[in-house]
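The lines below spell out each chain.
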Number of protein chains: 8
Amino acid sequence: MKKVAILMGSDSDLPVVQKAMDKLKEFGVPYEAHIYSAHRTPEQAKKFSAEARENGFGAIIAAAGKAAHLAGALAANTTLPVIGIPVKSSTLDGLDALLSTVQMPAGIPVATVAIDGAANAALLAMQMIAIFDEELARKLDQARIDEANKVLEKDRVLQSNY
Amino acid sequence: MKKVAILMGSDSDLPVVQKAMDKLKEFGVPYEAHIYSAHRTPEQAKKFSAEARENGFGAIIAAAGKAAHLAGALAANTTLPVIGIPVKSSTLDGLDALLSTVQMPAGIPVATVAIDGAANAALLAMQMIAIFDEELARKLDQARIDEANKVLEKDRVLQSNY
Amino acid sequence: MKKVAILMGSDSDLPVVQKAMDKLKEFGVPYEAHIYSAHRTPEQAKKFSAEARENGFGAIIAAAGKAAHLAGALAANTTLPVIGIPVKSSTLDGLDALLSTVQMPAGIPVATVAIDGAANAALLAMQMIAIFDEELARKLDQARIDEANKVLEKDRVLQSNY
Amino acid sequence: MKKVAILMGSDSDLPVVQKAMDKLKEFGVPYEAHIYSAHRTPEQAKKFSAEARENGFGAIIAAAGKAAHLAGALAANTTLPVIGIPVKSSTLDGLDALLSTVQMPAGIPVATVAIDGAANAALLAMQMIAIFDEELARKLDQARIDEANKVLEKDRVLQSNY
Amino acid sequence: MKKVAILMGSDSDLPVVQKAMDKLKEFGVPYEAHIYSAHRTPEQAKKFSAEARENGFGAIIAAAGKAAHLAGALAANTTLPVIGIPVKSSTLDGLDALLSTVQMPAGIPVATVAIDGAANAALLAMQMIAIFDEELARKLDQARIDEANKVLEKDRVLQSNY
Amino acid sequence: MKKVAILMGSDSDLPVVQKAMDKLKEFGVPYEAHIYSAHRTPEQAKKFSAEARENGFGAIIAAAGKAAHLAGALAANTTLPVIGIPVKSSTLDGLDALLSTVQMPAGIPVATVAIDGAANAALLAMQMIAIFDEELARKLDQARIDEANKVLEKDRVLQSNY
Amino acid sequence: MKKVAILMGSDSDLPVVQKAMDKLKEFGVPYEAHIYSAHRTPEQAKKFSAEARENGFGAIIAAAGKAAHLAGALAANTTLPVIGIPVKSSTLDGLDALLSTVQMPAGIPVATVAIDGAANAALLAMQMIAIFDEELARKLDQARIDEANKVLEKDRVLQSNY
Amino acid sequence: MKKVAILMGSDSDLPVVQKAMDKLKEFGVPYEAHIYSAHRTPEQAKKFSAEARENGFGAIIAAAGKAAHLAGALAANTTLPVIGIPVKSSTLDGLDALLSTVQMPAGIPVATVAIDGAANAALLAMQMIAIFDEELARKLDQARIDEANKVLEKDRVLQSNY
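Just so it is clear, the structure is predicted and the values come from calculations on it, not from any experiment. In this convention, every chain numbers its residues from 1, walking through the sequence in written order. Written order decides the labels, with chains lettered from A and ligands numbered from 1. In keeping with the model being predicted, local features are shown solely for residues with a pLDDT of at least 70 and side-chain atom pairs are shown and tallied solely at 80 or more, while totals for entire chains, interfaces and linings include all residues. The side-chain figures draw on all heavy atoms in the structure; neither hydrogens nor water molecules are used.

Engineer: Hey, could you run me through the overall build of chain A in this one?
Structural biologist: Counting from the N terminus, the helices are DSSP H or I runs at least four residues long and the strands are E runs at least two residues long. Broken down by element type, chain A carries 6 helices and 5 strands. Each helix (α) and strand (β) of chain A, taken in turn from the N terminus, gives the series β-α-β-α-β-α-β-α-β-α-α. Using C-alpha atoms as the atom set, the radius of gyration is obtained and then compared with a globule rule of 2.2 Å times the number of residues to the power 0.38. Whereas a compact globule of 162 residues would reach a radius of gyration of roughly 15 Å, chain A reaches 17 Å, a difference of no more than 12%. The dimensions of chain A, computed from C-alpha atoms along their principal axes, are 55 × 40 × 30 Å. Think of it in three bands: residues with accessible area under 20% of the maximum for their type are buried, residues over 50% are exposed, and the middle band is partly exposed, with areas taken using a 1.4 Å probe on protein chains only. Residue burial in chain A is summarised as follows: out of 162 residues, 66% are buried. Considering only intrachain contacts with a sequence separation of at least 6, the fraction spanning at least 24 residues in chain A is 66%. A total of about 5300 Å² of accessible surface is found on chain A, and carbon and sulfur atoms cover 50% of it. We call two residues in contact whenever any of their non-hydrogen atoms come within 4.5 Å of each other. Only the protein chains shown count as cover for residues, and all accessible areas are computed by the Shrake-Rupley method using a 1.4 Å probe.

Engineer: Could you clarify how one ought to interpret the interface of chain A and chain B in this entry?
Structural biologist: Contact residues are listed per partner, giving 39 residues for chain A and 39 residues for chain B. Here the buried area means the combined drop in accessible surface, using a 1.4 Å probe, for two parts upon being joined, counting both sides. Here chain A and chain B share an interface that buries about 3300 Å² over both sides, 62% of which is from carbon and sulfur atoms. A per-residue breakdown of the area chain A buries against chain B is headed by A:Thr79, A:Ile131 and A:Arg144, which together make up 20% of the total. What counts as a salt bridge is simple: a side-chain nitrogen of Lys or Arg found within 4 Å of a carboxyl oxygen of Asp or Glu. The interface formed by chain A and chain B holds 0 salt bridges in total. Counting of polar contacts relies on pairs of N or O atoms within 3.5 Å, with two restrictions inside protein: one atom must be capable of donating a hydrogen and the other of accepting it, and residues adjacent in sequence are counted only when both atoms are side-chain atoms. Our count for the chain A to chain B interface comes out at 19 residue pairs in polar contact (both at pLDDT 80 or more). At the level of elements, helix 4 (95-102), strand 5 (111-112), helix 5 (118-129) and helix 6 (134-161) of chain A are the ones that each hand at least two residues to the side of chain A that touches chain B. Counting residues per element, the side of chain A that touches chain B draws most heavily on helix 5 of chain A, at 6 residues. For this classification, Asp, Glu, Lys and Arg are treated as charged, while Ala, Val, Leu, Ile, Met, Phe, Trp, Tyr, Cys and Pro are nonpolar and the rest, including Gly, are polar. Residues belonging to the side of chain A that touches chain B are distributed by class as follows: 26 nonpolar, 9 polar and 4 charged.

Engineer: Looking at this structure, how should I read the relation of the copies chain E and chain D?
Structural biologist: Each of the two chain copies can be generated from the other by rotation about an axis followed by a shift along it. With an RMSD of 0.0 Å, chain E superimposes on chain D once it is rotated by 180° and translated 0.0 Å along the axis. Considering both components of the superposition, the chain copies are consistent with a two-fold axis. Relative to the rotation axis, the C-alpha of E:Ser100 is the closest in chain E, positioned 2.4 Å from it. Looking at chain E, 100% of its interface residues are interface residues in chain D too, so the copies touch through the same face. Residues reaching a pLDDT of at least 70 in both copies supply the C-alpha atoms on which the copies are superposed by least squares.

Engineer: Is there a simple way to explain the relation of the copies chain A and chain B in this structure?
Structural biologist: By a simple turn and slide, chain A fits onto chain B: the slide is 0.0 Å along the axis, the RMSD is 0.0 Å, and the turn is 180°. The fraction of interface residues of chain A whose copies in chain B are also interface residues reaches 100%, indicating that both copies meet through the same surface.

Written out as structure tokens, the structure reads:
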């Protein structure tokens, strides 16, 4: 099975990124996580990205804050799909990371999810792999049903309380 | 080969979406384009999305402006990856469409590209299909080399002009 | 008497929505509240909205955060007036929910109130019903007078304290 | 039948407001339009609003740009529903008018539509009146079906062209 | 001596407005403070403003949050200078109040100070009165010198500490 | 009679500033206009400001774009009221100039008007002088009545056209 | 003498960057200009940056739009000062490029100038070199005097015209 | 060796500025810190800046919040490079300070770093001095290697923990 890579620019991004790792574990999809910075360790980031396809990865998730270049820097060195998680930092409420991640120039896309949206990044990576993996697709469909049932259960609780 | 679906909320989005269609044609990837609105034809949009996987689609591209709900509405009815193109309209410079597309709640991701970034949406869809399609992956890699050479050629022109 | 429906995308919206329920109770206007998500339970949301008029509702209030599609999704399936409450979440200070709710395309209006403005959503719903309900109109007028008197009383307190 | 009032802060708002008048005419709903400014003719604006219910109006539409106070100033003097159209002016792309219209304090709601969203303001006013007017409700439902068919027809044209 | 009026839309604005009152007291300039809301007590606000000049006021300070209309509503009823303090509320970080206060249409200016800038509003009011009051002008000049000396003293402390 | 000073940071601001000069001429209030830059001619700007009171000025209007420091730099050298006009430039739609002008630190207020709001800057300057000038106050009041009548005349034209 | 490097991400940035080249020519400071993209030609960009110091460069100017990563990518590979010019593109008015350029993480600074501020980028590069180059410092000082005189000349023209 | 000047507009900026002082100490680069306000002590700020070059400074760092004019005011009086640190204050999340610092008019550049980016301001100042100081350049290069190793060490810790 294709693996998912999860890269983050700093260990301060771990609390956000944890949700992506949890989600992949929940679905039994293999992954590797690394701390590589687009600016402080550009060589390692580049090498990982350039070799990711041949190393068995199907998608790369990259989380970074502020002038968030990590997803774009990885995308520049692979044609695997790269998913960007803009991470909120102490100023500007995540807008800087969102725009730095999503506004990529023509030729090098980054599949951007919501600010701090790590769970969705993992789901999106699995949806990509599931294009050709019927069993994973079924699991994802089932998870949707489970989520819907949770919402409906909460609605039932609301009805009995009000 | 898996097909790519391109949906737009209004025919006024066609000039933006055209670049996605051109890019898919360029790579020989089959696609279908439709005008379905999340708000004016919600049933058709939902039906298309719910049946897309069984109808042979591998990814769905959705373009919409303003309170751009189309990508999210499609994503709510399929676990195929949905790619959102926020379209700039006459006010707010595309910020409304960007936030309406990217800030999805946990559970239902939309892979968002840049405002009006239709070419990148097509490339991203092909990168997803290429996870399991080596020939398409090679084509995408080659296109990157061609793009790089164009940049380098422009640099050479610059050197001789200045 | 026409009922008011209050829908929220998630139970995390309850603390905001509570003020709408309190206000309707205060005026003795019947209401029903539900947790239905535009993305996680699109079918239930659609069904509720499509049948709301025949089920005796006069207006629908919808509260959602981030890429807040709930109000728009409901509005797409009814011609009852739909009132949207954009809910502030952990990033972007409510701007994402505001733009996702208010910037609706031509044909499908959403009557948007302030971010987290649940009390005003309830008042607006009652103002709509009061177009043809003189007694409710009188109650709303009286509440305005009471509110004005509270402000004037606070002014009197200020005069004696300073 | 209840009439709809359309007020604008300046005659420069007429090109935007025209779409609201056209929409009301199309549905045969009576309306009156006035140019009254919250700042330059506050007395006339106030008087109109305070007497609107007894003068047979069911809803008031107010269009204004920049620090758009008109809708709020009218809402302060009536408990009829007031619909605000934020009008884009030469700076800030309509954001100033949007925030000035929608961010109303508790007690005095304004039902805000999209920037320059005059057609939706008219539809919303008619939806309010249609709460108790079955024939108008049917007309609004039919218009939705017509709009949907237009979208589907455009989709058919797209299929034959591509 | 001309008095300064300080109006606020709600008693929740008092902590911000307090600094304006303190500053006026410090300079011995007479003032009156009132809680009058542009939306909940429009008549009182209007009456106060319309009679302010004949009642001996030289300038009016108005503080309000969100869709902050108070300063503009007062300015519409007097040609005394009106100073607006945009007050930060729980969403949008004060941007809504700032734009609602400063973006006034031609003909009705509001002299806007920084978000929550109550001390500066008081200083500005006194600077206006001091145009024709040499003693107050001297006091304001002296206060500037005192402020400068405080900064220089802090610089001296910094030099000895580092 | 006190004079009004109009300073602009660049001759490219002249088309905006012209409206301030026209308005002052219309009311017969004497003024002087200068091109002085806070950054390119800081000495002249400072000298003008520091001597403005003794040179017979009652208020200073300053227009500047981008990181608009001119009003603040003048305000730092006088306790005359300084009115800031944020000028829209080729990027950011005037938001940069607005924030640079209005967000002054405690102690040094700038009375900020709307982006490109030069006519209001002139009116505000005259309102300040009119605190102690009954004739000018009467003229300003009359102008308000004239403006109101123009609005009402436009409303009459609208009534006969629709 | 140290050279200045001017890199741009695309030849579409040339009209903006031209002003930097003109300014360097005007002062007789040697420069080299290249089109290298952080995303399309990452290797060339990296190589240029890593070797810039030994190749005789004293500072690097980088211009890019949208998710403008070029300046940051260069800065990651050199400890020469890197100056970033955010370039305005067709959406978001340059805000995306500004935030992507300036919000760099700790450890890797980019000296950011105004959106489209190419002339200032060149001046800043020369100011850096002039720290140890008295003649260039004198030229820069003289240019300031010349600029001031131009402003004062424009003021004189204004005086004679009004 | 050239010294670095660190100026701040208020002692409330000290917690942010401290990181710049720490970084300069760490590299053994001499510096002087002062509290000088562009608005409250304009003369001292101007004098310091005008004499900085002859007093042995190679670069000036200026930190200020809100309508942050300090860096620009210093830059207007010297052709030494001036580095601006926009400081986040209680409203608008630092956006006001960022735009007031970076959007300088042509002729007077300010090298702007991230909001609250004091460590980077110090690094940038040292990078400027290191253009002509090989030993400092070597130290800066070594620090980069040390930073990279810290990131890689954190990655190793992550590998052993997950």
